[in-house]
Amino acid sequence: MRAWLFKPIHSSSLAAYRILFGLLGTVGLIRFWYMGWIERCFVRPEFLFKYYGFEWIKLWPGDGIYVHFAILIAVSICLTLGLFTRWMSLLFFLGFSYIELLDQSNYLNHYYLVMLLAFINIFLPLNALWSLDGKLGLSPRREFVPAWTLNWLRFQVGTVYFFAGLAKFGKDWLLEAQPLNIWLTAHRDLPVIGSLFEYTWSHFAMSWAGFIFDSTIVFWMLIPATRRFAYLVVIFFHAMTFVLFPIGMFPFIMVSMALVFFPDDWPAKLLKIPKRIGPSAFHFNPRPALVLGLSAYALIQVTVPFRHLLYPGDVLWNEEGMRFSWKVMVREKNGEATFRVRDRQTGAVQYVSPSQYLLRHQENEMSTTPDMILQFAHHLQKKFAEEGKDVAIFAETMASFNGRTAKPLIDEQVDLTAISESFYPKTWVSPEPGDSPHRLKFHRAAR
Amino acid sequence: MKTKLIILVALVGVTVACSDFFKGKTVDSEMGVRPTNPSGLPDKATVDPRACEYGEFEAADSRQDLLWNLTSQTLCPKVREFRYYVTLLRLSVDQSCVGGDQKNADQDVMYLWGKTTMTLEYLLANPLGPMQDNMKRLAMEIYAWPDFNRWSTKWEVMKAHELGDGYTMNLAPSRKGLASVEYLLSNPDMIVEKGPGTAWRPGEQEFNALPFNDRRAARCRVLKALLNDVGTFTEELYNAWSATGGAYPVAVLQRVRNGEAQTVLNELSDGLYYIEKMKDFKLGYPLGLNQRCASAVCPEAVEFKGTGLGVPALRQNLEAFRDAAVGPSGFADQLIEVGRPELAVTLRERVASIDAALADLEATGETLDQRVLKLDKALCVDASSPEPACRGFFALRDLMSFWKSEVLSALDLQQPRNESDGD
């Protein structure tokens, strides 16, 4: 363990990681802006869904969010160049986390991964090599760094794959080929490979391949003999997901981050840069506080994804413990929610379509997520209160997941204004459907 | 003049009766000499017989079949028809504004108004491509409902009187489009009303005291300006579809060949969400089932309240949805194709429920606002309500709930949204 944490390793891998992280951050943020998503995600919505405990986070006034993005892009560029690296890492973590915490409906697993990596970056000597900090004398050039730095990143990236694999270890994924059966059937006209997706066996083959890939890829990447081939598989796998699914930067992030599994000096060797001094010249003393901190981090990372076990029911249905758990691409869930609002004084009933308050992407996310439904009901309650109305609010919902027959997600008899958000099990969420998924069997209709 | 009007009405009648009427004919040739040559129109309002001839395509599955046939065989002719009616509406307004038999002229205008707007209602409810682009810009430019505000249009008429021939219209969203045209058409005497709960504003009573012909002239100036603007955007829409212009169906075909059929299908599904507008705005709001209505019921919120076309508009919206959802190779057929025939049956049933409610509403012979005024809210609580408008609302809700939860899942469609990432 001591060697695993404090053995000297070459810092070129960390430097390459920093450059890639900074570049991905820069490209990702510019893309977000260019696609008009700043306006769509933050400016246009009249209501933003808050994370429990982070309700205090508010949107910048005026054009502040654009300034925020501009600063964050500049910070990413600084990170890429290794300028004021430690401060930039801190700023990136704070700035990116702020964006992610603004609205729950924007949650994506890979955004969460970027947040975690950004947090880790604060503690890493990312400017040890190939940085402006070093060139300008702001920080000493360090050819060797303790091994915990790279291993922390390996642990983090490995966690994503491991839990993504674990999430696929279930009846729906392995025995029903869901949700790939639904998704791939729709891709049957894709050039070259599309015709394969007309056949159910291809959905099973892809499901099992995905499960085996996620579950074992870290292992293959850690073994020197299989590493290069495994990395080719990583590239192929993520290229496929990029083609088939709208997952944006995720494939690029994972292909880049998987490089941390290569030996610590791979960039130096690749660029044929000779080492000035050997690792034996370095010695890093164990620091108990560091070991404690890393242990605490690791403990949190391996327990949080299991927290859904504390809640009754299927996490894919009730979403209790869904976020921050690397349950990546394991469910196809669609639903609809209408809110029945009853005036407590007059008894008059009105129906509120969320689209009157929410943008579509928010409504989509909310319609299948109980805690967001509750949050929106409370928002409606405030809106009606502003008009001097005391109302009871009931959610009339229908949701289906992984091809099962749709059923109400929320108990329609429960007045959501009487419910408070908490970490306790949500007893007002209906039990998950008991039926098996309907498996699609494509057959070309006679024409 | 009367002869011209008779020819005009006959022309429209023949148009409706004969689907192949357009071949080789022009509005000019049918009508003889045009009374005016409105600016913004081509010299001849030619109805291009080849506007929707895009060639042949052998579809590989019902998805491709739907996209190709719907765009080339259904929507393109509708766009062409809409442009044609807009042209006739403009001409008929020109006719009615030059004097003569006002009563008949107004009747002709109203007839063509109905044809124009009902064709548009179909397109609005099935808004693929150009009608959906850029946040449905064209739909807002052409129709501008519910952004339209009749008080703004009223002030435009008063301004038109004040400025005379020097008048130029302020075409802000609150005072433009066919929604604004409707306000003027349903007010042939052009008596302006005061705003709700306010005193008369300066000039309003004086305007009402003007001779009929002066008020009418001011109204005509605004009408022409409005229809000129509508005509410009109609041309843009038509050009986006026409085989000799943007040829939108060909673009769809190209995308289908590039393996993007699912994406285009999703765009079609997105457009069909107009049915939510039927539910929330066109029925829920007037029926007082939507929180926008501050009273028990809101008959003033009925679409086409002035011309009484609220129910026919709902019918056109439903027809547009029906053609795509349960028509040939529609979404129901695709559900069957992927092995979910039971969902196809439910989809047809849900559409039939709305159809039945609408048929009952039509059978009353009353306008929607008349029905709303008679509504007993206590009986408007579910799909078994005796009031067909209420039944329509709840049937629409059931359909959308089914669509969002079941149809989208089975066909792997996304709910409408701007492009974004997922994982």
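Here the structure is a predicted model, which is why all the values come from computation and not from measurement.

Enquirer: For this particular structure, what's the right way to read the overall build of chain B?
Expert: Of the regular secondary structure elements, chain B holds 17 helices and zero strands. Counting every position in chain B, which comprises 423 residues, the buried fraction comes to 59%. Only carbon and sulfur atoms are counted for the fraction: they give 52% of the accessible area of chain B, which is about 16000 Å².

Enquirer: Hey, could you run me through the packing of helix α8 (residues 148-168) of chain A against helix α11 (residues 200-222) of chain A in this one?
Expert: Pairs of packed helices are described in terms of their axes, by the angle between the two and the distance that separates them. Residues and elements named next belong to chain A. Where α8 contacts α11, the axes come no closer than 8 Å and their chain directions differ by 145°. At the point where α8 passes α11, the crossing takes the left-handed sense. Along its contact with α8, which presents Gly158, Tyr161, Phe162, Ala164, Gly165 and Lys168, the element α11 presents Gly210, Phe211, Phe213, Asp214, Ser215, Ile217 and Val218. Residue composition of the contact of α8 with α11, by class: seven nonpolar, four polar and two charged.

Enquirer: How do you make sense of the environment of Ser280 of chain A when you look at a structure like this?
Expert: All names here are of chain A. As for its position among the elements, Ser280 is in the loop between α14 (266-270) and α15 (288-303). Note on Ser280: relative accessible area 72%, which makes it exposed. Each C-alpha atom, one on Ser280 and one on Ile9, is 9.9 Å from the other, the two residues being 271 residues apart in sequence.

Enquirer: Before we go on, may I ask you to explain the confidence of the model for chain B in this structure?
Expert: For chain B, per-residue confidence averages 86 on the pLDDT scale, and residues scoring 70 or more make up 87% of the total. Scored below 50 in pLDDT, residues 1-45 of chain B makes 75 contacts in the model with residues more than four places away or belonging to other chains.

Enquirer: Is there a simple way to think about the packing of helix α2 (residues 12-34) of chain A against helix α13 (residues 250-257) of chain A in this case?
Expert: All names here are of chain A. Between α2 and α13, the least distance of the axes is 10 Å, while the angle of their chain directions is 175°. One finds that α2 runs roughly antiparallel with respect to α13. From α2, Tyr17, Leu20, Phe21 and Leu24 reach across to α13, where they touch Phe252, Ile253, Ser256 and Met257. Grouping the constituent residues of the contact of α2 with α13 by class yields seven nonpolar, one polar and no charged.

Enquirer: Help me understand the interface of chain B and chain A in this model?
Expert: Bring the parts together and some accessible area is lost; that lost area is often taken as the interface size. Each partner contributes to the interface: chain B provides 55 residues, whereas chain A provides 59 residues. Roughly 4600 Å² of surface becomes buried between chain B and chain A when both sides are summed, with 41% attributable to carbon and sulfur atoms. Taken together, the connections running from chain B to chain A amount to six salt bridges. The residue Arg397 of chain B makes a salt bridge to Glu396 of chain A at a minimum N-O spacing of 2.5 Å. Inspection of the region where chain B meets chain A yields 23 residue pairs in polar contact (both at pLDDT 80 or more). Where the side of chain B that touches chain A is concerned, the elements lending two or more residues are α3 (62-97), α11 (261-271), α12 (274-284), α14 (331-337) and α17 (388-410) of chain B. Sort the elements by how many residues they give to the side of chain B that touches chain A and α17 of chain B lands first, with eleven residues. Grouping the amino acids of the side of chain B that touches chain A by side-chain chemistry returns 19 nonpolar, 17 polar and 19 charged.

Enquirer: Just to check I follow, could you spell out the side chain of Glu143 of chain A for this structure?
Expert: All names here are of chain A. Tracing the backbone through its elements, the reader meets Glu143 in the loop between α7 (132-135) and β2 (144-146). By relative accessible area, which is 6% here, Glu143 ends up buried. For Glu143, the side chain forms a polar contact with the side chain of His10, separated by 3.3 Å. Beyond its immediate stretch of four places on either side in the chain, Glu143 contacts Ile9, His10, Ser11, Leu129, Pro274, Lys275, Arg276 and Ile277.

Thresholds applied
- Along every chain, residues carry numbers that run from 1 in the direction the sequence is written.
- The naming scheme follows written order: chains are lettered A onward, ligands numbered 1 onward.
- pLDDT decides what is reported in this predicted model: residues at 70 or higher carry local features, side-chain atom pairs at 80 or more are listed and counted, and totals for whole chains, interfaces and linings draw on all residues regardless.
- Based on all heavy atoms of the structure, the side-chain values leave hydrogens and waters out of the count.
- Helix and strand definitions follow DSSP, with helices as H or I runs of at least four residues and strands as E runs of at least two, each counted in order from the N terminus.
- To sort residues, take the accessible area from a 1.4 Å probe on protein chains only and compare it with the maximum for the residue type: under 20% means buried, over 50% means exposed, and anything in between is partly exposed.
- Residue burial considers only the protein chains on display, and all accessible areas are found by Shrake-Rupley using a 1.4 Å probe.
- Lines are fitted to the C-alpha atoms to define the axes, a helix being fitted only along its stretch in contact, and any angle between axes, read from their N-to-C directions, falls within 0 to 180 degrees.
- Crossings are classed by handedness, with left-handed meaning an anticlockwise turn of the near helix from the far one by less than a right angle and right-handed meaning a clockwise turn.
- For this analysis, residues touch if any pair of their heavy atoms sits within 4.5 Å.
- Polar here means any residue other than Ala, Val, Leu, Ile, Met, Phe, Trp, Tyr, Cys and Pro, which are nonpolar, and Asp, Glu, Lys and Arg, which are charged; Gly is therefore polar.
- A residue's pLDDT is simply how confident the predictor is in it, with values from 0 to 100.
- When describing relative orientation, an angle under 35 degrees is termed roughly parallel and one over 145 degrees roughly antiparallel, while 65 to 115 degrees is termed roughly perpendicular and anything else oblique.
- Buried area is a sum: the accessible area each of two parts loses on coming together, probed at 1.4 Å, counted once for each and added.
- By convention in these notes, a salt bridge is any Lys or Arg side-chain nitrogen within 4 Å of a carboxyl oxygen on Asp or Glu.
- Polar contacts, as used here, are pairs of N or O atoms within 3.5 Å; protein pairs need one atom able to donate a hydrogen and one able to accept it. Residues neighboring in sequence count only if both atoms are side-chain atoms.

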